[in-house]
Number of protein chains: 2
Amino acid sequence: MTGPADTPADENESAHPVTGLDDVVHQRVRLGILTIAHEARRVEFGYLRTQLELTAGNLSQHLSVLETAGLVEIEKGYAGRRGRTWITLTAAGNAALAEEIARLKLLITRVETANGQ
Amino acid sequence: MTGPADTPADENESAHPVTGLDDVVHQRVRLGILTIAHEARRVEFGYLRTQLELTAGNLSQHLSVLETAGLVEIEKGYAGRRGRTWITLTAAGNAALAEEIARLKLLITRVETANGQ
């Protein structure tokens, strides 16, 4: 059974765009991690830390949240003798980022429509 | 003294767009409050609560954060004998929302540029 044709659950016009945002993805630092991981095939921990101006502990915490949600994969390895941690966006992470961007666009449209009134 | 001309602090190209997002504004619920308050001259507490699907306690907490930051004004009054709380966006709140939207657009452009590669 699907809902009535005039009230599709996912595009309910009475619901505000932010109600559909996922805090796991929307949170500022995690949105940054997902965006950077989306730009490269895989990114190194130190690079993320520099780009996002974070402490290692703070970045680790946010990566754990994303890994638990299945949005990134974390892989430990070596560059010569030095330990390195690599982060890769999963297919679910890619989809979640696309969903976030789509909802942000709806939000921006609402704000800019109000500006024009 | 200002910084070197080739490294303007506010538009440093090496900084990721999310580093410039303000958590006070970017947080999902508060972004919703500011967006709705931006659309109307003033909004009633119960309307915000329904639109954003929040408990009264949760909404109150987020409104306090915004009020402390000077982004909204909160006014208590009456509609007949019933107490009502009204929320108005301040000029600073309007500017903060505009800044957030501008940074989100930069972020969206980055994600979509990566998609096109």
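Residues numbered from 1 in each chain as written. Chains lettered and ligands numbered in written order. Predicted model: local features only at pLDDT ≥ 70, side-chain atom pairs only at ≥ 80, totals over all residues. Heavy atoms only, no water.

## Looking at the overall build of chain A
The condition is simple: The helix and strand labels rest on DSSP assignments: H or I over at least four residues marks a helix, E over at least two residues marks a strand, and numbering proceeds from the N terminus. Any two residues having at least one pair of non-hydrogen atoms within 4.5 Å are treated as being in contact. Where accessible areas are quoted, they stem from the Shrake-Rupley method and a 1.4 Å probe; at the residue level, only the protein chains shown are allowed to cover.
Counting its secondary structure elements, chain A contains 5 helices and 3 strands. Going from N to C terminus, chain A has its helices and strands arranged as α-α-β-α-α-β-β-α. Taking all contacts inside chain A whose residues are at least 6 apart in sequence as the whole, residues at least 24 apart take part in 53%. Carbon and sulfur atoms make up 50% of the accessible area of chain A, which amounts to about 6700 Å² in all.

## With respect to the relation of the copies chain B and chain A
The cut-off we apply is this: Superposition of the copies used a least-squares fit over C-alpha atoms from residues whose pLDDT is at least 70 in both.
Between chain B and chain A, the superposition needs a rotation of 180° and an axial shift of 0.0 Å, giving an RMSD of 0.0 Å. On this basis, the relationship between the two copies can be described by a two-fold rotation axis. Residue B:Gln27 of chain B places its C-alpha closer to the rotation axis than any other residue of that unit, at 3.3 Å. The fraction of interface residues of chain B whose copies in chain A are also interface residues reaches 97%, indicating that both copies meet through the same surface.

## Things to note about the sheet that holds strand S2 (residues 72-79) of chain A
Residues and elements named next belong to chain A. Cut-off, in case you're wondering: The rule for pairing is simple: two strands pair if DSSP sees at least two bridges between them. Every axis in this analysis is a line fitted to C-alpha atoms, fitted for helices over the stretch in contact. Angles between the N-to-C directions lie between 0 and 180 degrees.
Here we have 3 strands laid out as an open sheet, ordered S1-S3-S2, and antiparallel in their pairing. Two strands close off the open sheet at either side, each with one partner strand: strand S1 (43-44) and S2. Two elements, S2 and strand S3 (residues 82-89), share 8 bridges in a ladder whose sense is antiparallel. Bridge pairing in S3 links isoleucine 74 to isoleucine 87. Contacts from helix H4 (residues 56-68) reach S2 and S3 within the one sheet, and its direction differs from that of S2 by about 125°.

## Notes on the sheet that holds strand S3 (residues 82-89) of chain B
All names here are of chain B. Here 3 strands make up an open sheet; going across it, the order is S1-S3-S2 and the pairing antiparallel. What marks the edges here is a single partner per strand, and that holds for strand S1 (43-44) and strand S2 (72-79). Along the sheet, helix H4 (residues 56-68) contacts S2 and S3; its crossing angle with S2, the most-contacted strand, is approximately 125°.

## So, the packing of aromatic side chains
Aromatic ring pairs are defined here through the distance separating the ring centres and the angle between the ring planes. Here is the rule we go by: In this analysis, rings of Phe, Tyr and Trp, with Trp reduced to its six-membered ring, are considered paired at centre separations within 6.5 Å, and the interplanar angle assigns stacked below 30 degrees, edge-to-face beyond 60, and tilted for intermediate values. Think of it as a cone above the ring: NZ of Lys or CZ of Arg counts as a charge over the ring if it is within 6 Å of the ring centre and within 35 degrees of the ring normal.
Enumeration over the complete set of coordinates arrives at 0 aromatic pairs over all chains. Across from the ring centre of A:Trp86, 4.2 Å away, lies the NZ or CZ of A:Arg42, which sits over that ring.

Keep in mind that these numbers describe shape and distance, not what the molecule does.
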